[in-house]
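# Observations on the three-dimensional arrangement
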Amino acid sequence: MKALDGITVIEFASHMACAYGAMLLAEQGARTIRIEPPAGDPGRGGPHFAVLNRSKRAVGLALDYPPDRAAAAGLIAAADVVVHGFTPRRLQELELTYAAIQKVNSRAIVLKMPPLGSRGPYAELPAGDEIASAMSGVTAAQGSRSGDPVPLAFPLVSYQTGILGALAASAALCWRDMTAEGQEIEVSMLAGALSLQSGSIVRHPELISMMAANRRDPMGPAPSYRIYQGSDGKYLMLSCVTPVFWNKLALAIGRPELVADPRFENAPMGLAPDQRAALIDILTPILRSRPAHEWLQIFRAQDVPASPVLTRRQFIDAAQVDHVGMRRELIDPVLGPTVQMGVPVMLRETPGEIAGPAPALEDARAALQALLDEVQGGSAAASQPDAVKRRDFSPGALAGALVLDFTGYIAGSYTTMLLAHLGAQVIKVESLSGDGFRFAAVAFQGWNQNKRAIAVDLRERRGRDIAYALARKADLIVENFRPGSARELGIDYPALARLNPRAVYVSINGFGSSGPDFDQPSFDPVLQARSGVMAAHDGSAWGRAPIHPVVLNLPFCDYGAAALAALACVLGLRHQRRTGRGQHCEVTLIHSAMALQAGEFVFYRGRPNLECGAPESRGASALRRVYRCQDGKWIYLAIVEERQWRTLDTVAGGIAAQAFSTAREQSPYGEMAAKLARVFAQEPAAIWFERLRALEIPAAPVNKAADVFDDVQIVANELGAQLHHPELGPIAQTGVLLKFSATPCELRSPAPILGQHTREVLRELGYGADQVDQLERSRIILSRQPAPCS
């Protein structure tokens with residue numbers, strides 16, 4: 001049994017995020033049919049297509065041709081989920097608006113994924129990953145010594161958007177199981193891009209002062225969170241982001257006095273620029289004194305988070321990757337034998353599986369009636385159980401679900417915030433010293449909205465009794481301890497399953513709970529380094545010698561793990577509600593590192609070079625790169641069609657003399673790029689934006705984090721929000737990113753202070769005031785109320 005057995009998904013080929021979201025649903029059991037143009041998707045035969053369209057069937061239909069449109073309507077009539085990424089105008093042309101679909105199938109869940117949202121001046125722009133990245137702050141976030149924007153060399157935003165789309169659709173299915181209601185969901189690429197920055201797209205003076213320095217070093221933002229080279233010329237990544245691990249590092253390199261050095265008292269992450277430079281000057285020759293592999297052996301023995309900088313091919317062939325099921329061999333009908341990533345979530349009782357390689361395009365006339373008979377005969381839309389009465393605790397598709405949150409840092413905390421945005425009631429359980437990332441007080445707000453928080457010492461029996469009382473009531477339990485720690489505290493899956501066998505227990509960790517490397521400390525950059533993304537940006541493309549690997553400033557392994565873990569939670573919850581049984585699910589940073597490079601993790605004879613980033617990259621080609629305008633602001637140009645290229649010629653003056661097939665292959669550093677740079681330097685960015693938008697040429701501002709809240713497209717789609725924190729005051733941050741028509745998400749509260757709701761939650765569990773007072777005096781619990789901000 002799989003979590004989505006009996007569900008039918010109809011996907012209209014649009015862009016990579018749609019393809020990925022539909023694939024994730026397919027590999028959890030949904031029957032998924034992809035509708036492509038009669039000549040097939042232009043991406044067929046490429047690496048991304050091979051991965052993002054596994055486990056589907058595909059049929060060619062000309063949607064502008066009335067008979068084919070009627071055939072598509074027949075498939076929609078039997079669908080449970082309809083997925084598309086069309087712009088609003090194109091939806092009208094194809095008669096695929098939600099109102100039109102409702103007339104055919106009122107119980108359908110429609111997942112629309114417009115690149116830049118369905119409202120605003122850029123809604124009709126034929127945009128993709130690069131434009132969404134530029135507009136949302138992703139492109140400007142990457143560190144460079146020049147301070148200029150550095151586009152990433154892989155479609156990170158598309159992958160995160162696809163996972164969020166699968167999450168939103170699964171949550172809507174949970175809601176429909178209870179109410180028999182369909183609805184429309186919107187998950188734009190802009191939303192996906194902002195979800196990768198929820199802790200950094202924050203406007204508050206404290207965050208500005210904390211983050212102003214250190215973002216310009218592409219080798220890492222702090223001395224103990226940085227790439228270094230060993231004596232053998234190979235690179236390793238240190239990932240010591242907490243004082244505990246900084247202390248371990250100082251001991252491991254034989255320099256314990258560095259911890260007491262007054263210059264470094266704010267290490268590891270709070271050093272001033274001169275202190276940071278001084279410590280790098282100390283660490284660099286030390287780490288150059290031994291081969292990288294020797295240091296890695298020392299660091300592993302001393303429990304210091306560190307990792308080799310590997311290539312993607314080296315990573316997918318690693319024993320631990322194979323152990324967690326993320327190395328799979330498939331025979332692709334076009335590419336032949338391939339090695340690909342596996343299914344990026346592990347559900348023990350309802351495991352997903354790859355049903356087959358990316359499909360050949362079936363002949364529409366021969367296949368369509370058989371498809372219609374199959375879909376209509378087995379549709380869950382026609383055979384759902386009677387809806388059950390909803391438990392009204394909060395708005396949202398997960399209303400009524402109680403989440404017991406034993407998580408901290410980014411990956412775990414953002415998982416449960418996503419669930420809280422979907423309407424679940426979340427109780428965050430912290431130690432008396434709190435979440436390890438509370439020191440980043442403002443960024444913490446971006447990972448912990450809509451929660452209540454209690455502080456309990458789980459090492460004490462009376463503290464565990466509180467956790468057990470909550471576990472008996474919980475639908476979902478989420479933890480991200482290092483393997484073995486939950487067992488030591490008495491809150492591992494076997495212990496809590498005995499108390500509540502209906503609970504879905506989701507573990508998030510670095511390397512898994514078993515295998516040759518499972519017990520290593522892990523943070524996001526550990527998996528960035530291992531997974532090949534740092535090496536993929538070393539500047540060795542375009543015939544150049546490698547410069548050095550690059551640390552991505554966005555902790556995408558953490559954010560990806562959060563989205564995948566939230567998906568696991570919802571899939572497990574749906575199975576629990578239908579069967580009464582819980583299960584243990586697991587998501588690792590191995591899963592997320594690969595899932596957010598899904599189309600890059602495919603290897604076969606003739607694979608193109610996908611490792612083409614650089615420390616000072618300006619883009620993928622002359623037609624897809626950033627350009628500086630007259631006023632010093634940057635614009636991202638993303639020409640992907642000949643019509644756009646010819647139209648650009650009308651404003652760029654003779655630039656399109658050569659064929660588009662030749663122009664699109666031009667280097668981002670060559671003669672054509674230089675010509676375009678001179679053109680864009682002639683006028684201010686605002687003039688270029690409006691001129692190119694009017695011509696429907698894909699281009700967008702390269703926004704910095706501080707600019708995002710004022711961007712007209714982000715404002716129009718209501719993707720930002722302002723909350724008032726009782727101690728920090730007003731904070732502008734990312735808002736509700738997943739838009740539901742029937743169960744709208746609601747941003748109810750800022751992140752709680754440590755122990756803010758301890759007394760409230762204990763009263764709900766039946767504890768009397770005297771008992772609570774005694775627990776606090778005994779240091780079993782901590783209770784605090786916010787101190788009003790000055």
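Notes on the structure in this doc start here.

### Digging into the sheet that holds strand β16 (residues 425–430)
Pairing is mixed across the open sheet formed by eight strands, whose spatial order is β13-β20-β19-β18-β15-β16-β17-β29. Two strands lie at the open edges of the sheet, namely β13 (346–347) and β29 (781–782), each paired on one side alone.

### Some words on the sheet that holds strand β6 (residues 183–186)
Taking strand neighbours across the sheet as the criterion, the eight strands line up as β14-β3-β2-β1-β4-β5-β6-β28 in an open arrangement whose pairing is mixed. Both outer strands of the open sheet, β14 (361–362) and β28 (739–740), are each paired with one neighbouring strand and no more. Bridge count between strand β2 (residues 31–36) and strand β3 (residues 57–60): four bridges; the pairing is parallel. Looking across to β3, one finds that Arg34 is bridged to Ala58. Where helix α8 (residues 156–179) meets the sheet, it contacts β4 (81–84), β5 (109–112), β6 and β28, and its direction lies at approximately 165 degrees from that of β5.

### Comments concerning the side chain of Ser170
Tracing the backbone through its elements, the reader meets Ser170 in helix α8. Polar side-chain contacts of Ser170 include one of 2.8 Å to the backbone oxygen of Ala166. Aside from chain neighbours lying at most four places away, what touches Ser170 is Leu25, Leu567, Val570 and Leu571.

### A short note on the packing of aromatic side chains
Scanning the entire structure with this criterion turns up 14 aromatic pairs. Each ring, one from Phe315 and one from Phe601, has its centre 6.1 Å from the other, and the planes form 55 degrees; the classification is tilted. Here Phe601 lies in the loop between α24 (589–595) and β21 (602–603) and Phe315 lies in helix α15 (residues 312–316), a separation of 286 residues in the sequence. The pair Phe315 / Phe601 is uniform in exposure class, with both members buried. Geometrically, the ring pair formed by Tyr409 and Phe437 is edge-to-face, given 4.8 Å between the ring centres and 70 degrees between the ring planes. Taken together, the residues Tyr409 in the loop between β15 (402–406) and α18 (411–421) and Phe437 in the loop between β16 and β17 (451–456) connect sequence positions 28 residues apart. For Tyr409, a relative accessible area of 32% puts it in the partly exposed group. Pairwise contacts between aromatic rings join Phe245, Tyr409, Phe437, Phe439, Trp447 and Phe523 into one cluster.

### Things to note about helix α28 (residues 685–694)
Taken as a whole, α28 has its buried residues at Ala685, Trp688, Phe689 and Leu692. The buried residues of α28 occupy one face: seen down the axis, they fall within an arc of 105 degrees. Turning to α28, the residues buried within the fold contact β24 (634–638), α25 (642–652), α27 (671–680) and β25 (699–701). Two residues or fewer past α28, Glu696 is found with a positive phi of approximately 55 degrees.

### Here we look at the pairing of β6
It is a general feature of regular strands that their side chains alternate between the two faces of the sheet. Here β6 shows a buried face lined by Gln183 and Ile185 and a second buried face lined by Glu184 and Glu186. When β5 meets β6, the two strands line up parallel, connected through four bridges. Pairing of Val110 across the sheet is with Glu184, part of β6. With two bridges joining them, β6 and β28 adopt antiparallel strand pairing. If you follow Ile185 over to β28, its bridge partner there is Phe740.

### Re the environment of Phe518
With respect to the helices and strands, Phe518 occurs in the loop between β19 (504–509) and α22 (524–531). Phe518 sits in the partly exposed class, given a relative accessible area of 26%. Linking Phe518 and Val324, residues 194 residues apart in sequence, is a C-alpha distance of 9.8 Å. When sequence neighbours within four positions are dropped, the list of residues in contact with Phe518 reads Gln320, Pro483, Phe511, Gly512 and Ser513.

Cut-off values and rules
Residues numbered from 1 in each chain as written. Predicted model: local features only at pLDDT ≥ 70, side-chain atom pairs only at ≥ 80, totals over all residues. Heavy atoms only, no water. Pairing = 2+ DSSP bridges. Helix = DSSP H or I, 4+ residues; strand = E, 2+ residues; numbered from the N terminus. Contact = heavy atoms within 4.5 Å. Axes fitted to C-alpha atoms, helices over the stretch in contact; angles between N-to-C directions. Polar contact = N/O pair within 3.5 Å; in protein donor to acceptor, adjacent residues only side chain to side chain. Phe/Tyr/Trp six-rings, centres within 6.5 Å; stacked < 30°, edge-to-face > 60°. Buried < 20%, exposed > 50% of the residue type's maximum accessible area, 1.4 Å probe, protein only. Arc of directions from axis to C-beta.

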